[in-house]
Amino acid sequence: MESNANTNNSINNGSSLLTATSSTNTNSPFQQNLVSSIKNAKLFVVGAGGIGCELLKNLVLVGFQDIHLIDLDTIDVSNLNRQFLFRKEHVGKSKSQVARESVLAYRKDVNIQAYHDSIFNSAYGVQFFKQFDVVLNALDNRAARTHVNRMCLAAKVPLIEAGTAGYLGQVQVIKRGLTECYECQPKPPQKSFPGCTIRNTPSEPIHCIVWAKHLFNQLFGEEDPDQDVSPDTEDPELAADAGKSALDKEAVQGATGGIQRASTRQWAEETKYDADKLFTKLFINDIHYLLSMENLWKNRRAPQPLDSDVNKLADSAEGDGGVDSGLSSQKVWSVEGCKQTFYSSLADLRLLRENSTDDTLVWDKDEPAAMDFVASAANLRMQIFHIQRKSRFDIKSMAGNIIPAIATTNAIIAAVQVMECMKIVCGGIEKCKATYLVRKPNPHKMLLNPCVLDKANPKCYVCSDKPEVILQVDPSSMTLQSLSEKVLKGELGMQSPDIELDDGKGTILLTDEEGVTEGNETKYLSEFNILEGSRLKCDDFLQEYNLVIIINVTTSLEEGELYKLIVDRSQLNAQPEKLPKEAKTEDSDDEMEVIEQNMVATGDRKRSASNGGDETISKKLKADDLTVS
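What you are looking at is a predicted structure, and each value in this text was computed from that prediction instead of being measured.

Visitor: Requested: an account of the overall build of the chain, with residues and values cited.
Guide: Within the chain, the secondary structure is distributed over 18 helices and 15 strands. Relative to its 629 residues, the chain shows a buried fraction of 50%. Counted over contacts in the chain with a minimum sequence separation of 6, partners at least 24 positions apart contribute 66%. By element, 48% of the accessible surface of the chain is carried by carbon and sulfur atoms, the whole surface being about 30,700 Å².

Visitor: I'd like to hear about the side chain of Ser94, residue by residue, with values.
Guide: Along the chain, the position of Ser94 falls in the loop between strand 2 (66–70) and helix 5 (95–104). Of the polar contacts made by the side chain of Ser94, one reaches the side chain of Ser96; its length is 3.2 Å. Polar side-chain contacts of Ser94 include one of 3.2 Å to the side chain of His116. Sequence-distant contacts of Ser94, that is, excluding residues within four places in its chain, are made with Asp73, Thr74, Ile75 and His116.

Visitor: Outline the packing of aromatic side chains, listing residues and values.
Guide: Tallied over the entire structure, the rule returns 19 aromatic pairs. Plain terms: the ring middles of Phe342 and Tyr343 are 6.4 Å apart, the flat faces sit at 65 degrees to each other, and that makes the pair edge-to-face. Accessibility expressed as a relative area gives 0% for Phe342, which makes it buried. Connected via pairs of aromatic rings, a cluster forms that spans Trp211, Phe216, Phe220, Tyr273, Phe279, Phe283, Phe342, Tyr343 and Phe373. The positively charged end of Lys339 is found above the aromatic ring belonging to Phe279, 4.8 Å away from the centroid.

Visitor: With reference to specific residues and values, describe the nonpolar core.
Guide: Taken as a class, soluble globular proteins show a tendency for nonpolar side chains to be buried jointly. Phe129, Leu471, Leu483, Leu536 and Ile549 are the most contacted members of the largest nonpolar core, which totals 55 residues. Of all the elements, helix 7 (residues 142–155) adds the most residues to this core, at seven residues. Dropping the residues within four chain positions of it, Leu483 is found in contact with Leu471, Met478, Leu488, Ile499, Leu525, Leu536 and Ile549. Counting 50 residues, the second-largest nonpolar core is a separate cluster that includes Ile209, Leu219, Leu380 and Phe385.

Visitor: Please provide a residue-by-residue account of the pairing of strand 2, values included.
Guide: A regular strand places its side chains on the two faces of the sheet in alternate fashion. With four of five residues buried, strand 2 is to be regarded as a mostly interior element. Here strand 1 (residues 42–46) pairs with strand 2 via five bridges, running parallel. The residue bridging Lys42 from the neighbouring strand is Asp66, located in strand 2. Each parallel crossover has a hand, and for strand 1 linked through helix 4 (residues 50–62) to strand 2 it is right-handed. In terms of handedness, the path from strand 2 via helix 5 over to strand 3 (residues 111–115) forms a crossover that is right-handed.

Visitor: Could you give an account of the pattern of salt bridges, with specific residues and numbers?
Guide: Counted under the stated rule, the structure contains 13 salt bridges. Across the salt bridge formed by Arg107 and Asp109, the nearest N and O atoms sit 2.8 Å from each other. Measuring nitrogen to oxygen at the nearest pair gives 3.2 Å for the salt bridge that ties Arg353 to Glu269. Taken together, the residues Arg353 in helix 14 (residues 335–355) and Glu269 in helix 11 (residues 264–270) connect sequence positions 84 residues apart.

Visitor: Requested: an account of helix 4, with residues and values cited.
Guide: Over its 13 residues, helix 4 extends 19 Å from the first C-alpha to the last, a length consistent with the 18 Å expected when each residue adds 1.5 Å. A large share of helix 4 lies buried, amounting to twelve of its 13 residues. Taken from the residues just after helix 4, Gly63 is the one with a positive phi, measuring 130 degrees.

Visitor: Help me get a handle on the environment of Gln304, residues and values and all.
Guide: Its location among the elements puts Gln304 in the loop between helix 12 (275–291) and helix 13 (309–318). For Gln304, a relative accessible area of 25% translates into the label partly exposed. C-alpha of Gln304 to C-alpha of His288: the two residues are 16 residues apart in sequence and 8.3 Å apart in space.

Visitor: Lay out helix 9 (residues 205–219) with the relevant residues and their values.
Guide: Relative to the 21 Å expected for 15 residues at 1.5 Å per residue, helix 9 spans 21 Å between its end C-alpha atoms, a close match to the ideal helical length. Counting buried positions over the 15 residues of helix 9 gives 13, a clear majority of the element.

Visitor: So, unusual backbone geometry: which residues are in play, and what are the values?
Guide: Leaving glycine aside, a negative phi is the common case for residues, and trans is the common case for peptide bonds. With phi around 65 degrees, Lys445 is a residue other than glycine that occupies positive phi space. Tracing the backbone shows Lys445 in the loop between strand 7 (434–437) and strand 8 (448–451). Classification of Lys445 as exposed rests on a relative accessible area of 74%. Positive phi values are uncommon outside glycine, yet Glu544 reaches one of about 50 degrees. Along the chain, the position of Glu544 falls in the loop between strand 12 (535–540) and strand 13 (545–553).

Quick notes on the rules
Residues numbered from 1 in each chain as written. Predicted model: local features only at pLDDT ≥ 70, side-chain atom pairs only at ≥ 80, totals over all residues. Heavy atoms only, no water. Helix = DSSP H or I, 4+ residues; strand = E, 2+ residues; numbered from the N terminus. Buried < 20%, exposed > 50% of the residue type's maximum accessible area, 1.4 Å probe, protein only. Contact = heavy atoms within 4.5 Å. Areas by Shrake-Rupley, 256 points an atom, 1.4 Å probe, with all protein chains shown as cover. Polar contact = N/O pair within 3.5 Å; in protein donor to acceptor, adjacent residues only side chain to side chain. Phe/Tyr/Trp six-rings, centres within 6.5 Å; stacked < 30°, edge-to-face > 60°. Lys NZ or Arg CZ within 6 Å of the ring centre and 35° of its normal. Core = buried A, V, L, I, M, F, W, Y, C linked by side-chain atoms within 4.5 Å. Pairing = 2+ DSSP bridges. Right-handed = clockwise from strand over helix to strand, strands pointing away. Salt bridge = Lys/Arg side-chain N within 4 Å of Asp/Glu carboxyl O. Expected span 1.5 Å × (residues − 1).

Right, here's the structure in full:
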């Protein structure tokens, strides 16, 4: 009791747990070599959100004195219920800088360097990472986790990866040559939907939400023709009158299939983002056009444009309020309320885009105007397609792929991270465990399951000696730009890749160096004589990551597929394993204040350390089962 009292008093007085226990208490839990190791360690914390706040507090109270902290985000009102270093007056300010100031208020002797910046910035390269003894992740998205994983592998610095998903959590120690890396085991791809379903025949709220996010990108973000939200008015394959005008037109030279599809961005810019014209096009004219596609509605309920008598009567019956749950964020807006919010958010976003340095906006669920735009547009589309409208709160959860964050889970996981960090800084990394926080106690009545760390996957396309993947593709249908953007950056997490054809000549196909490969982006792979078995060397100089792509020519991909990525050659001609009828898989939400669900608290692939490794917690998920498309 006396020891606990001393410790509590020391924390309240602003001293660390080390000084509270090691200097005045002979029964200190800290050995002297650990005390000095902690004081001299230099740490890098990536993320200052739910886990990050708990982690930073724990680190300084334990006695770490040299901490660098990075986070690009600013503080939102929704953060205040669990990110305890922030207060109402901090809303809109930098998370990393406010977290630093809050900690220094009670530990003035600690050196904390805060960076309000993106971890992807080239300033934080391999040499930057090499200065640290340990890197601790407190991130909320897969792209950043992947990047930090590769930087730590290249710098040969231990990484402590962590995440939470509701009541579940996990902590994993990663060290090159000793353990598996973050990418050694497959992650489930983000759930996607056919473009025709999004544009023409939505049947679920998520379809309308995806459509609204695509609309945001078309109007304000980085435009992707594959995400155009309007029906294909220039597609001659459409039924009845809808395709007649396209059939009567001459083929457009250079356009895919001879069809030149209209750009939503171009049309919006020509109208100067006129709200009335945008509303009329998206929610009335485009729907009338869809109705002319008669074959679509033979076995489906036809949509009702917002100028229809049915929708006018429905909105009149609701009045201005809609369905009210008692909380403003959980109120279901009326159709008129959605329209008014659509107009106001459109004006706000247009102003934000005009003031943006690069003329584009990135959708952020915590940006009020962006969230209002997606919520209102999605609800208007739901009304048209007879889908029950959702509250802004519900749409934010679905649009941001969020599993609600729980403060106690964050606290537990951050504490485990600190314990693993203490092992590493005193030279005991081989004693580290992968720890899973589960919903129900295991047979040993434990909620925290420590597991032995797995060795690196020899077939990993990131940390193996010779990283390589197989790309099934028709070289005449994929351009170098698609290879770079969709495969290397989108699928494989590279940031700035160069592509070289391994033809004995070292032919550079794509590079950032000005003038070297100008004009190559729009050329197809076949134009560079890329054939079956061709090897493409892909280098990311920022991540110091090299990968070889082996081309497997195919023309038998499923409809809508441009390519298929395979990380294990043995799976090239393998038949997919059939699951029993009763077997079910859970959807995995990727972006949240969490790590992916399949890596959280299941003890996946691990053996319990507490019982000598005899009891397998769950069936191993093999890396050679992965096929990403």
